[in-house]
Amino acid sequence: MSKPRVFLTRLILESGLKPVQDFCEAEIWSGELPPNRDELMHYVHGRNGLLCLLTDRIDADVMDAAGPGLKVISNCAVGVDNVDLPAATARGIPVGNTPGVLTDATADFTFALLMAAARRVVEGERQVRSGGWKTWSLDTLLGADFAGATLGLVGFGRIGRAVARRATGFGMRIIFSDPNPATPPRPGTGTTPEPGAEATQVDFDTLLRESDFVSLHTPLTDKTRGLMNTAAFAKMKPTSVLVNTSRGPVVDQPALYEALKSHRIFAAALDVTVPEPLPIDSPLLTLENCIIVPHIASASWQARQKMSRMAAENLIAGLKGERLPNCVNPEVYGRELR
Ligand code: GLV
């Protein structure tokens, strides 16, 4: 029997590559950069499965370019804002993602950014390299304290909770608000029983007003696009630090630039931007109090191996006509699958 034909928009790591190559006839995009639109449309044609990354916009046109044989889309990421889910569901195509396996790596990295921004690590390093380190003094590069500070988590899913557990070890008070809660808050209680962390649910304005650190852990949705805008920055403390490891469009970048430049807030660290990569003439890159890194929060050896494996498992399950182990549009199972 012939093997199912799949297209991988980029090389995945060994743990996922081998099962895919064993089970499928796989075409793998070998470019350093993702396939452009025309290339993507060309290469999906006639495939039964598509394994893609968050850099690939998978919309109805791509699905139609693949043709009626496309049985599964496996996104090698936890976020799926790059995939048009209603279009996939309407066509009976299950979409997979990779939750859980990158939670710790992303929470660790969130803390790395929180600390780097609050304690001016990158600014200090730049100073050393440029010969600006003249002596030790009591007021060199002063930054924010963690013990006793309030951490405001916007989004309290897996990653937000993992950050809360880490913050507990730093002696922080933790508050959260969730613009897209998986389950609505239980009436009469604002404190979560998160093992290893106590976190109190507050409304978004309270979170902005009371937090010394605001960290974003929400998916990109219509509700969260531009959530951190001029009005939000105006409510934050002038000593506060913002970290974004979620998706770039959750932050209104021109508003962030103004807030940082005018010292409306103290500092920011962004793992995600609009666009990605961020052009090097972005005004944000002129600011000393802004750290920007290239979307690497989940980039630990283990997390990326496990993501590759999970993406392969979703792909293969879909090709076999089995339920995906991690499906983001489970409503597809109520209708006729391809
Ligand atoms: C990374 O940003 C992911 O969504 O996995």
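None of these values were measured; they are calculated from a predicted model.

So, on to the domain arrangement of the protein chain. The assigned domain composition of the protein chain is domain 1 (5–101 + 301–332) and domain 2 (103–292). When each unit is reduced to the centre of its C-alpha atoms, the spacing between domain 1 and domain 2 is 31 Å. Each partner contributes to the interface: domain 1 provides seven residues, whereas domain 2 provides five residues. Roughly 530 Å² of surface becomes buried between domain 1 and domain 2 when both sides are summed, with 50% attributable to carbon and sulfur atoms. Our count for the contact surface shared by domain 1 and domain 2 stands at one salt bridge. Close ionic contact of R247 with D81 constitutes a salt bridge, the shortest N to O distance being 2.8 Å. Inspection of the domain 1/domain 2 interface yields two residue pairs in polar contact (both at pLDDT 80 or more). Here the side of domain 1 that touches domain 2 is composed, by residue class, of four nonpolar, two polar and one charged.

This part takes up the nonpolar core. Core analysis: the largest hydrophobic core is formed by 53 residues, its most contacted members being V20, L151, L153, M172, F213 and L315. Two domains each provide a minimum of three residues to this core, namely domain 1 (5–101 + 301–332) and domain 2 (103–292). In this structure, I175, V214, L260 and L287 belong to the second largest nonpolar core, which totals 27 residues.

With a side-chain oxygen lying 3.1 Å from the backbone nitrogen of D38, the N-terminal cap of helix α2 (residues 37–44) falls on N36. Residue G46 follows α2 closely and has a positive phi angle near 80°.

With that out of the way, let us pick up unusual backbone geometry. Across the junction of V274 and P275, the peptide omega takes the value -10°, indicating a cis bond. Examined against the element boundaries, P275 turns out to sit in the loop between β12 (267–270) and β13 (290–292). Positive phi, close to 60°, is recorded for R120, a residue that is not glycine. Secondary-structure assignment places R120 in the loop between α5 (103–118) and α6 (121–129). One non-glycine residue with positive phi stands out, namely H295, at about 50°. Within the secondary structure, H295 is located in the loop between β13 and α11 (301–320).

A few words on the site of the ligand. The local shell around the ligand consists of L54, A77, V78, G79, L102, R247, H295 and M307. Note that an oxygen atom of the ligand is positioned 2.8 Å from one of the backbone N or O atoms of G79. Computed on the free molecule, the ligand has an accessible area of 190 Å², of which 90% lies beneath the protein chains in the complex. By residue class, the composition of the shell around the ligand is five nonpolar, two polar and one charged.

Cut-offs and rules
- Residues numbered from 1 in each chain as written.
- Predicted model: local features only at pLDDT ≥ 70, side-chain atom pairs only at ≥ 80, totals over all residues.
- Heavy atoms only, no water.
- Domains from an automatic or database assignment.
- Contact = heavy atoms within 4.5 Å.
- Buried area = accessible area lost by both parts, 1.4 Å probe.
- Salt bridge = Lys/Arg side-chain N within 4 Å of Asp/Glu carboxyl O.
- Polar contact = N/O pair within 3.5 Å; in protein donor to acceptor, adjacent residues only side chain to side chain.
- Nonpolar A, V, L, I, M, F, W, Y, C, P; charged D, E, K, R; others polar.
- Core = buried A, V, L, I, M, F, W, Y, C linked by side-chain atoms within 4.5 Å.
- Buried < 20%, exposed > 50% of the residue type's maximum accessible area, 1.4 Å probe, protein only.
- Helix = DSSP H or I, 4+ residues; strand = E, 2+ residues; numbered from the N terminus.
- Near = heavy atom within 4 Å.
- Areas by Shrake-Rupley, 256 points an atom, 1.4 Å probe, with all protein chains shown as cover.

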